[in-house]
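# Analysis of the macromolecular model
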Amino acid sequence: MLPCQSVTLLLQQYFFLLLREFFNNQLMEKILVIGCSGQIGSELTLELRKIYGESKVIATDIRPAPSEVAGTGPFEILDVLDASKLQLILEHEKITQIYHLAAILSGNAEKRPLASWDINMRSLMNVLELARELRIPKIFWPSSIAVFGPTTPRFDTPQYTIMEPNTVYGISKLAGERWIEYYFNKYGVDTRSLRYPGLISYKTEAGGGTTDYAVEIFYEAIKHKKYECFLGPDSALPMMFMPDAIHATIDVMEADASKLSLRSSYNVAGISFTPKILAEEIKKHIPEFEITYKPDFRQAIADSWPARINDDVAKKDWGLHYEFDLPKMTYVMLHEVGKKLQ
Ligand code: NAD
Ligand code: SER
């Protein structure tokens, strides 16, 4: 055999081994999604089922699965505060990855501070404790730009900076970040997390956050050609289109552990804009669209958050990237929401 033929053979064997390793890993994974009926969970569940197989992703929520998720794979009602039931599912299904998405978001949390603190924190502690006891290999838990506060630099907010959140939601996310890092350092639980900006999507309703205006505006623009915004015209906030958020989430979960330089939560910047800028972008497609402004209690929350954050660490560590800018996101939102409302 010629030397070049044996090198080709070796390369082929190596490639085959890599492929087998990849498929074995995919086949062995069993994923639990907690909060699958929400804005992120509904889309993430479907994407995970595409990658890992329908039966490999157990979707759970305290309320029924939305129509897109129902019937696409296993679903169970689970109150994540019920640690015994959570343990039963984790053991019975031999879960290897948890995506814990259940939470009360910023706007709703301000209306019920103590109950929201209880749900956001106790659910995370249940997940972390069981992950430790049962040695669940990997956990994803999302944080938020809400971990920042009025004393944080508003522009190009660094990964490491002043963090003095003044909302119950932000306080729970900051405490959560400290806890997931603690469980990684102390017990070796492989925790991964992103500080999501406001997420924009058309499949499932937004869940009571301060950034929800950037979803509602599309429905109102198509239905009534006008929108009364609960934030003022110049409230700049970081936002992200859902397909980019889903890819970033799966990318950080699949990243080689050696690449992750932090175990609190990665800044994810997305695209920053104000209600006025978004309205101008919508007007390019619907010229008669009018926006008016009537700021409510969520204005103070928005004012305490950064306008634009810096995500260089995520880009460097595991290759965070985006496909959608404001014009592309606006085009797809108008198109998809338009189809939905027909
Ligand atoms: P959402 O409110 O749309 O969905 C949360 C889901 O959790 C809901 O389906 C709800 O029924 C479920 N849930 C609530 N309490 C539960 C309980 N006790 N047991 C089981 N399920 C329960 O929220 P989302 O927008 O999908 O957010 C998911 C996660 O991402 C949250 O942790 C949120 O803080 C975080 N996040 C979201 C955004 C955003 O813009 N959507 C931004 C930053 C961070
Ligand atoms: N979109 C979320 C909220 O407004 C940010 O975490 O609550």
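Here is what the cut-offs are and how they apply
- Residues numbered from 1 in each chain as written.
- Chains lettered and ligands numbered in written order.
- Predicted model: local features only at pLDDT ≥ 70, side-chain atom pairs only at ≥ 80, totals over all residues.
- Heavy atoms only, no water.
- Salt bridge = Lys/Arg side-chain N within 4 Å of Asp/Glu carboxyl O.
- Helix = DSSP H or I, 4+ residues; strand = E, 2+ residues; numbered from the N terminus.
- Buried < 20%, exposed > 50% of the residue type's maximum accessible area, 1.4 Å probe, protein only.
- Phe/Tyr/Trp six-rings, centres within 6.5 Å; stacked < 30°, edge-to-face > 60°.
- Lys NZ or Arg CZ within 6 Å of the ring centre and 35° of its normal.
- Near = heavy atom within 4 Å.
- Polar contact = N/O pair within 3.5 Å; in protein donor to acceptor, adjacent residues only side chain to side chain.
- Areas by Shrake-Rupley, 256 points an atom, 1.4 Å probe, with all protein chains shown as cover.
- Nonpolar A, V, L, I, M, F, W, Y, C, P; charged D, E, K, R; others polar.

We now examine the pattern of salt bridges. When their charged atoms lie close together, side chains carrying opposite charge are able to pair. Evaluation of the coordinates by the stated rule reveals 14 salt bridges. Among the salt bridges present, the one from Lys 30 reaches Glu 93, with a minimum N-O distance of 2.8 Å. Of the two residues, Lys 30 sits in the loop between helix H1 (3-28) and strand E1 (31-34) while Glu 93 sits in the loop between helix H3 (83-92) and strand E4 (97-100), which places them 63 residues apart along the sequence. Salt-bridge contacts for Glu 281 lead to Lys 284; the nearest nitrogen and oxygen are separated by 3.0 Å. Look at Glu 281 and you get buried, because its relative accessible area is 8%. One network of salt bridges, in which partners are shared, links Asp 190, Arg 192 and Arg 263.

Here the focus is the packing of aromatic side chains. Scanning the entire structure with this criterion turns up 11 aromatic pairs. When the ring of Tyr 213 is compared with that of Phe 230, the centres are 6.4 Å apart and the planes differ by 90 degrees; the resulting orientation is edge-to-face. Of this pair, Tyr 213 sits in helix H7 (residues 213-224) while Phe 230 sits in the loop between strand E10 (226-229) and strand E11 (237-241), placing them 17 residues apart in sequence. Judged by relative accessible area, which is 6%, Phe 230 ranks as buried. The ring of Tyr 187 has Arg 132 sitting right over it, with the charged end atom 4.9 Å from the ring centre. In this structure, Lys 328 is placed above the aromatic ring of Phe 324, and the distance from its NZ or CZ to the ring centre is 5.1 Å.

Moving on: the site of ligand 1. In the neighbourhood of ligand 1, 26 residues make up the surrounding shell, with Gln 39, Ile 40, Asp 61, Tyr 169 and Leu 199 lying closest. Arg 63 places a polar side-chain atom, nitrogen or oxygen, 2.9 Å from an oxygen atom of ligand 1. A distance of 2.8 Å is found between an oxygen atom of ligand 1 and a backbone nitrogen or oxygen belonging to Leu 199. For ligand 1, whose unbound accessible area comes to 830 Å², protein coverage reaches 94%. Class assignment for the residues of the shell around ligand 1 results in 13 nonpolar, 9 polar and 4 charged.

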